Amino acid sequence: MAAAARCVRLLLRPRRYPLLSCPLRTSPRLLCVATQQKSTGQNLEDYQSQNEPKAEASSAEKIFIEEKAKLEEQLKEMTDKYKRALADTENLRQRSQKLVEEAKLYGIQSFCKDLLEVADVLEKATESVPKEELKDENPHLKNLYDGLVMTEVQIQKVFKKHGLLKLNPVGAKFDPYEHEALFHAPMEGKEPGSIALVSKVGYKLHGRTLRPALVGVVKEV
């Protein structure tokens, strides 16, 4: 309090501070600061210059925060792009692997189709032999028939080994993905929609229909 009173008395002396004699109702704190600056040889500009580093520091901090936010946003975008690229690469790898596996499984389907004609010929040959003629008195025909049957059995084993299965769907429900209807006819004692006759057997390769069976389907009376 004594220091403040001394500052006021110094300001009230008209011969030393003529310009400060009028605005005495201004803030005493500013008057005191001005007096202290006068007594220590400092001016108001020197006092204000002391606050400039704080303003500069605040501005630099604001710029740093803005740059940090920009970098964090760029990092987030790059991370998202990296994750999407990884996902796309993984999907491409899985699709490529699936295509390779399917090529291994179904690459022989053209060859299998050609062999199906051979199997059909063997089946027709065995069916054309009259069963009453297969006697010991006719050994040549019997041996030929047995050879054809063994060949047919062996070729079916080879087919099965490579995933080729025979479809003989007599009595089964008609499936348009596995069967091809040649005709529809009413039949007593047969369920409508079932297969009553197989004109030509079908085949599936690893679960995929290679050749549909040619069938006759029962319709409602």
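First things first, this report covers the structure right here in the doc. This structure is a prediction, so every number in the text was calculated from the model and none was measured.

### What about the nonpolar core?
Next up, step 1: In terms of nonpolar packing, the biggest core is built from 17 residues, with Leu116, Phe159, Leu164, Tyr203, Leu210 and Val215 touching the most fellow members.
Next up, step 2: When contributions to this core are tallied by element, the ones reaching two or more residues are α5 (109-128), α6 (139-161), β3 (195-200), β4 (202-205) and β6 (213-219).
Next up, step 3: Ranked by residues supplied to this core, first place goes to α5 with four residues.
Next up, step 4: For Tyr203, the residues in contact, after removing those within four places along its chain, are Leu116, Ala119, Gln156, Phe159, Leu164, Leu165, Lys166, Leu167, Arg208, Thr209, Leu210 and Arg211.

### As for the packing of α5 against α6
Next up, step 1: Between α5 and α6, whose axes approach to 9 Å, the crossing angle comes to 150°. Considered as vectors, α5 and α6 are oriented roughly antiparallel to each other. For α5 against α6, the interelement crossing comes out left-handed. Contacts between α5 and α6 involve Leu115, Leu116, Val118, Ala119, Leu122, Glu123, Ala125 and Thr126 on the former and, on the latter, Tyr145, Leu148, Val149, Thr151, Glu152, Ile155, Gln156 and Phe159.
Next up, step 2: Residues of the contact of α5 with α6, tallied by class, amount to eleven nonpolar, three polar and two charged.

### Things to note about the pattern of salt bridges
Next up, step 1: For the coordinates displayed, the defined rule picks out six salt bridges.
Next up, step 2: The shortest N-O distance in the salt bridge between Glu90 and Arg93 comes to 2.7 Å. With Glu90 and Arg93 both in helix α4 (residues 52-106) and three residues apart, this pair spans about one turn of that helix.
Next up, step 3: For Glu90, a relative accessible area of 32% translates into the label partly exposed.
Next up, step 4: Between Glu191 and Lys173 there is a salt bridge, with its nearest N and O atoms 3.7 Å apart.

Parameters at a glance
- Residues numbered from 1 in each chain as written.
- Predicted model: local features only at pLDDT ≥ 70, side-chain atom pairs only at ≥ 80, totals over all residues.
- Heavy atoms only, no water.
- Core = buried A, V, L, I, M, F, W, Y, C linked by side-chain atoms within 4.5 Å.
- Buried < 20%, exposed > 50% of the residue type's maximum accessible area, 1.4 Å probe, protein only.
- Helix = DSSP H or I, 4+ residues; strand = E, 2+ residues; numbered from the N terminus.
- Contact = heavy atoms within 4.5 Å.
- Axes fitted to C-alpha atoms, helices over the stretch in contact; angles between N-to-C directions.
- Parallel < 35°, antiparallel > 145°, perpendicular 65-115°, else oblique.
- Left-handed = near helix turned anticlockwise from the far one by under 90°.
- Nonpolar A, V, L, I, M, F, W, Y, C, P; charged D, E, K, R; others polar.
- Salt bridge = Lys/Arg side-chain N within 4 Å of Asp/Glu carboxyl O.

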